[in-house]
Amino acid sequence: MFGDPAVEATFVPTDPVRQGWLALWRSDGEIEAPDDELELALPAGTVVRRRRVPVRRLPLERAIDPLMDLAATATVTPSVRAWSTATRLAVELAGRGRLLPSMTAMGWGAWYLGPLDPDDVKRRRRLSAALPPAAHAVPLLGSRPVRVWSPEGMVEAFSNAVADVLPRTAAAPMVAGHPAFATRNAIPVDGAAGWFVGLRYSEGGASVAIRLEPPKDGDGPFAAAVVVQSRRDPSLVLEAEELWTMPEVVLARFGDVETSLLVAMRRGARVWPPMERLLQEARPARLQLTDEEVGELLGPAADDLAAAGVQVMWPAELLTPVELRPVVVTPTPAVVTNAGLSIEALLKWEASIDGEQLTDSELAVLAEAKRPLVRLRGRWVRADPERLARLGQRRRVGAGAALAAALGGELQIDGERVAADVEGPIASLAERLRSFTSDRVGTEPPGLSATLRPYQQRGLAWLQEMADLGLGGVLADDMGLGKTVQVLALHLSRQTTQPTLVVCPASLIGNWEREAARFAPEVSVRRFHGRERSLDELEDGEIVLATYGVARQDAVALAGVTWGLVVADEAQAIKNPLARTSRMMRTIHSDARFALTGTPVENRLTELWAILDWTTPGLLGTLETFRREVAIPVERHRDPHATETLSRLLRPFLLRRRKSDPTIVPELPPKTETDQVVPLTAEQVTLYQAVVEETMAKIRDTDGINRRGLVLKLLTALKQICNHPAQYLDQPGPLAGRSGKLAGVVDLLQVIRDEDDAALVFTQYVKMGRLLEHHLAEQGMRTLFFHGSLPVKRRQELVDRFQHGEADAFVISLRAGGTGLNLTRATHVIHYDRWWNPAVEDQASDRTWRIGQDRPVQVHRMICEGTVEDRIATLLETKRELAEAVVGGSEAWVTELNDDDLAELVALADVAS
Amino acid sequence: MTGRKRQTFTTTWWAEAWIEALEQRASIDPNRLPRGRTYARQDRVEGMVLAPGVVSALVHGKRPHPYRVNVWVREFDEGEWDRFLDAVVAKAAHAAALLDGELDPGIVDDAHAVGVDLLPVAGELRPRCSCPDWADPCKHSAAVCYLVAVELGRDPFALLELRGRNRSRVLAELRRRRGAGTSTEESTVEAAPPAVERGIPAHDAWSREVGELPDPPPPRPGPGRLSAWPVDPPADAPFTADGLAAIAGDAIDRGWRMSRGDADSGLGLNIDADLARRAAAALGTDRWGRVVERSGVNARELVRRASAWRHAGEDGLRAVTEARWRPAAAVMVEAKARLVEARVPAGRIRIDRNAVIIGEVQLRLSHDGRWWRFERRSNRWELAAPPAAEPDELWDVEE
């Protein structure tokens, strides 16, 4: 909605207030799709003139959500930013219960925000002072020289409009039993005009407060003085005692102060009966309080009074808090071993006031105090029995939480974050983590048949350190940086016979198997998959591959093995902590757990929480507290303290390198090619086998030109089945859940989009291109489809749109025919199906389509596991001469194969074994 | 006077007392009163003015020219006013109530104790009308008296005005009695600054310096409570205290959740979705009965929707209300294969359109490709869990 960074927003107030709307316009030209015109007072050279500008109308009920959600980092004009802040202030007030019914000048019912606390008034004033002119440049009718709405007036109108819109959801009239104050229509309420006048009083010219006063002698009762504060000039504060004898001319500065004071006291007495005693006096000024009443004012009674228009003021001297500082200690001296997380920690408390530590006898005084406020070291100290009860507590702290406290300096206790000191081995562990330097390099272990790039060596060192400490972590390198090979190197470098478990989506099992065979050829790898799966007779140092589905169903069997490492690939799968998969993954234990992900998890804090809570349980505390104390302050309020604490805490546990990092780029080859091996669905398997059986029978009975035709037809049919059953069966849909390849491409594109990148997707079939375009768009992917029958002008237009970042995927179904098209925005190329001709594919990947420019490019080739696609890919790789034979794009060599060789080529291999 | 029809003239006890005085006076000839009420309802009274000691108005009768009505009320003498004001000023509660639009019975009692009766008794009320009717009161003056009752109900100061002193004079006298004015100091403070300016010169708007935006206050631990209303809305208002509380309570809750980043405004929901949302919030509270009654939806069905909302919000509601459909057969075969893989005996699995049925459990596929677990409860299929990407995620091995 506010995606265009040049859009200005001006509020246009109306009566009824809720029908006010935001006019969206641009100062540098016409807004897209305008639906109205609006006269604004805009600068023209040195003067300001009325000018009609095209605007798009945004009714408030549709503006509230996007304004609430506007990211702190979004690029928007100051006017949009200001309305976002105004919305948040108004919604916060509503959430605090400050909603009152009222009547507009025209006699319509309207909700408005009140009463406002002095702090609310201050915030509103700061907002008005920060309101940019474009936000309020609405000219007043007939003013000459032109006058515009004041920022104060505009902020008030907007805030009350938000308050009036918010309650009126669709079913409100039904649940209320009447349309007034519930529907979006204008409903007259002037019959009850007098009632609204009564409500308005609480907002008079003065705000009323009771200010607590300490007793003159230590044992005497507390008292509260009644004071009033001018709303227009908050520096004017007056004791009620003086007020009753004040000359009227002074009182005038407070507005109708007596009315404000008397009515506020009366309303206060309704929510907090002790105030009634004030009303029984002729000139109420001071209220004697019992200790119990003082206690009430320290609790929720203060909020109720504020909502009734009476503030409770606590002089600083009355509120010296007892600071409780937790200290985390380890009872016995322990060494940090590779079981770092099993250290036991205890929590004890130290109490201080104003930084001075309290003695045990003073604490005893506090703990036994009968009054809510106690005199100690010359100060009044709040004795909060619930908090003080903690002092006696000694309790265990999870090692994760203790470590978090050591790293971040804060401990989460009973859902609260408090500063904490950590002593002993955990402090040393934290120190070791902090001092781990990123330039440490791991040496390639024996048995690794790959040369690690420098950043991969650094990654290996980090993985080794975290595994040795038993802490685990999240390796979040960009896709293509080789997370798999780093994990394989870690597995090989572990001096242990314990097996490693890798859990990943079904679409990645094949990849893992292949990469393991390539980079760690001596390690045995087993798929724990299929009906016949078993964990019997695990070899020393074996790698077991399982899907999330299997991990979910067979967690009990998996948990029975003593694993050295458990690795969760595409760990987004466990981002929902409540889902069964995540729960089951928690039951599988090992020395260390690592999560691999290619998406930028650090930007989605609750997902990051779920992943880290699996790798390193307890580190981030409970989800609920993490959301409240960290995720929301960081993501929404840009709280610098929370952000800093979080980053100190995460730094040791999260390793993320971007392909675009200046230090990484020189270490990367200009082009990386990977095969993405994906499984077939049950439907694909059935179709595939049926076609092979039927056609092979015919082929055996035929020869010559007819045989050749049948073979080519068979190849085409199998390729189409691999692509999508709908392509083979010539159906328009449905598409979801029927093709392993399509699912694999969607997963891949999601990662690419999350990296803020885009991809070219090549297919040789126009029909498949259309299916892709349709399905990707349905998945919320912005997709463009480029094919041979497009007119030249339209082709250029699509290319331009892609280059402007208007699409995540550019589907191309074309033999490499175009020339020199610039598609440099993409650094990913996906070959949905194969030409079986490296030259054609290369041409597609980089010559004809200039992609990536000077950035490293990744080419992904989709291959259905165990099918003819897979078989030919292997052949091409192993038999160079064959590769040369097929240059020219002909598949004729296949037709030359004898029946048995052909049958072997197209037979579907049983991959589950 | 507005043009609205009134069903009753009084909602406050003191306006009631006024009517009572009128009715006592009319005891000799009671049949004029109902006609007076009708006249008042027919808007035959115009130009009513309340002044010290008298209410005057024109009333349209059967003749072309309106009759002039004066209702005389006995004014307090100086001594009575002194005693009355002394009684009021003795307790701040009295003035507070008056300013809050209420005539506290305590005021009347305290005044009575010093021999002053605020509410006129029959003899203190003397209606005079220019009509030829000999009745006392005639229907014209009765009509005026009824409308005076309305006025008194709205503003108790009107009663004091009839007794001889208007609001500002009464307030000034009260202030003087509290001790103001005893101070002889001359004030050097200038008059109050002007209220918020609605407009500023456009040129200033574009040349002023703008400051930094404020941060919203940190989120509260829970939603706020609705501010207490001093008095319930009048009986003839087009809304009720209960209805307002239902609307505001829900908005407060949403506002709080929005501030925490937990929810959106719900303003985009259609009426069914919004009802399900509100029902989900009310389920298990004392508001539930009222929501069911006002929704017009069968209670069992509303429970079904509310619990769907609790599991998965709008998507959950769609899952329970969307029509059954027929996905590609292969998709359902695939789902069955996954469940068999998850060790569900193939014999227990039945497929019906978009559902895989295993005993009392249905795993349904929605159009967006997600799976939903339904369980049969009181003969209805109810949503039992949030959705999952795969059917076997919704099935426990132990089942």
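Residues numbered from 1 in each chain as written. Chains lettered and ligands numbered in written order. Predicted model: local features only at pLDDT ≥ 70, side-chain atom pairs only at ≥ 80, totals over all residues.

Asker: So what's going on with the nonpolar core? Which residues, and what values?
Answerer: Residue and element names in this part refer to chain A. Residues Trp83, Ala94 and Val162 are the most contacted members of the largest nonpolar core, which totals 117 residues. No other element matches helix α2 (residues 78–95), which puts 9 residues into this core. Ignoring anything within four residues of it in the chain, the contact list for Trp83 reads Ala9, Phe11, Leu22, Leu67, Ala135 and Phe158. Within the second largest apolar cluster, 91 residues are counted, among which are Val422, Leu469, Ala520 and Phe653. (Core = buried A, V, L, I, M, F, W, Y, C linked by C-beta atoms within 7 Å. Buried ≥ 20, exposed ≤ 12 C-beta atoms within 10 Å, placed from the backbone. Helix = DSSP H or I, 4+ residues; strand = E, 2+ residues; numbered from the N terminus. Contact = placed C-beta atoms within 7 Å.)

Asker: So what about the sheet that holds strand β24 (residues 525–528) of chain A? Which residues, and what values?
Answerer: Strand pairing in a sheet takes place through backbone hydrogen bonds and is either antiparallel or parallel in direction. Residue and element names in this part refer to chain A. The strand order across the open sheet formed by 7 strands is β24-β25-β23-β26-β27-β22-β28, and the pairing between neighbours is parallel. Of all strands in the sheet, those bounded by a partner on one side alone are β24 and β28 (654–655). Sheet analysis places strand β22 (residues 473–475) next to strand β27 (residues 590–596), joined by 3 bridges and oriented parallel. Paired with Val474 across the two strands is Ala595, which belongs to β27. The strands touched by helix α19 (residues 483–493) are β22, β23 (500–504), β25 (543–547), β26 (563–568) and β27; relative to β27, the strand with the most contacts, the crossing angle is about 170°. (Pairing = 2+ DSSP bridges. Axes fitted to C-alpha atoms, helices over the stretch in contact; angles between N-to-C directions.)

Asker: Tell me what's going on with helix α3 (residues 118–130) of chain A, and back it up with residues and numbers.
Answerer: Residue and element names in this part refer to chain A. Here α3 spans 18 Å end to end across 13 residues, near enough to the 18 Å set by a 1.5 Å rise per residue. All buried positions along α3 are accounted for by Asp120, Arg123, Arg124, Leu127, Ser128 and Ala130. Here the buried residues of α3 occupy an arc of 165° about the axis, which is enough to place them on one side. Next to the buried residues of α3 lie α2 and α5 (151–165). (Expected span 1.5 Å × (residues − 1). Arc of directions from axis to C-beta.)

Asker: Break down helix α14 (residues 329–341) of chain B for me, citing the residues and quoting the values.
Answerer: Taking 1.5 Å of rise per residue, 13 residues should cover 18 Å, and α14(B) covers 18 Å from first to last C-alpha, within 8% of that figure. Along α14(B), the positions that sit buried rather than exposed are Ala330(B), Val331(B), Met332(B), Glu334(B), Ala335(B), Arg338(B) and Leu339(B). At its buried positions, α14(B) is contacted by α21 (548–553), α27 (682–700) and α29 (725–729) of chain A together with β6 (349–352), β7 (355–358) and β8 (361–365) of chain B. Positive backbone phi, approximately 70°, marks Arg343(B), located one or two places after α14(B).

Asker: Give me the confidence of the model for chain B: which residues, what numbers.
Answerer: Residue and element names in this part refer to chain B. Looking at chain B, the pLDDT average stands at 84 and 90% of residues meet or exceed 70. Model confidence for chain B, summarised as mean pLDDT per element, is weakest for helix α1 (residues 13–25) at 81 and strongest for helix α11 (residues 271–282) at 94. Note that pLDDT drops below 50 for residues 1–7; the model gives that stretch 9 contacts with residues more than four away or on any other chain. The model gives residues 181–195 a pLDDT under 50, and that stretch makes 16 contacts with residues more than four places away or in other chains. Among the prediction metrics, the complex's ipTM stands at 0.74, with pTM recorded as 0.67. (pLDDT = per-residue confidence, 0-100.)

Asker: Pulling in residues and values, what's your account of the sheet that holds strand β32 (residues 809–813) of chain A?
Answerer: Residue and element names in this part refer to chain A. The strand order β29-β36-β34-β30-β32-β31 describes an open sheet built from 6 strands, whose pairing is parallel. Of all strands in the sheet, those with a lone pairing partner are β29 (671–678) and β31 (783–787), marking the two edges. Neighbour to neighbour, the strand axes of the sheet diverge by 20° on average, direction disregarded. Helix α32 (residues 792–803) rests against β31 and β32 of the sheet, and its axis sits at about 150° to β31.

Asker: Run through the interface of chain B and chain A, naming residues and quoting values.
Answerer: Taken together, the 108 residues of chain B in the interface contact 115 residues of chain A. At the level of secondary structure, the elements contributing two or more residues to the side of chain B that touches chain A comprise α4 (92–99), α8 (167–178), β5 (199–201), α9 (202–207), α10 (241–260), α11, α12 (288–295) and α14 of chain B. Sorting elements by how many residues they give to the side of chain B that touches chain A places α10(B) first, with 14 residues. In terms of residue class, the side of chain B that touches chain A is made up of 58 nonpolar, 21 polar and 29 charged. Pairing analysis gives 3 bridges linking strand β7 (residues 147–149) of chain A to β5(B), with the strands arranged antiparallel. Its bridge partner lying in β5(B), Trp149(A) is registered against Gly199(B). (Nonpolar A, V, L, I, M, F, W, Y, C, P; charged D, E, K, R; others polar.)

Asker: An account of the packing of α19(A) against helix α20 (residues 506–519) of chain A is requested, with residue identities and associated values reported.
Answerer: Residues and elements named next belong to chain A. Contact geometry of α19 with α20 gives a least axis separation of 10 Å together with a crossing angle of 55°. Relative to α20, α19 is oriented oblique. With respect to the hand of their crossing, α19 and α20 are arranged in right-handed fashion. Where α19 approaches α20, its residues Thr484, Val485 and Leu488 are matched on the opposing element by Trp512, Glu515, Ala516 and Phe519. (Parallel < 35°, antiparallel > 145°, perpendicular 65-115°, else oblique. Left-handed = near helix turned anticlockwise from the far one by under 90°.)

Asker: Please set out the pairing of strand β36 (residues 857–864) of chain A residue by residue, giving values where relevant.
Answerer: All names here are of chain A. Within β36, 8 of the 8 residues are buried, which leaves the element mostly enclosed by the surrounding structure. Burial along β36 is two-sided: the face carrying Val857, Val859, Arg861 and Ile863 and the face carrying Gln858, His860, Met862 and Cys864 are both buried. Alignment of β29 against β36, held across 8 bridges, turns out to be parallel. Bridge pairing links Glu673 to Val859 in β36.

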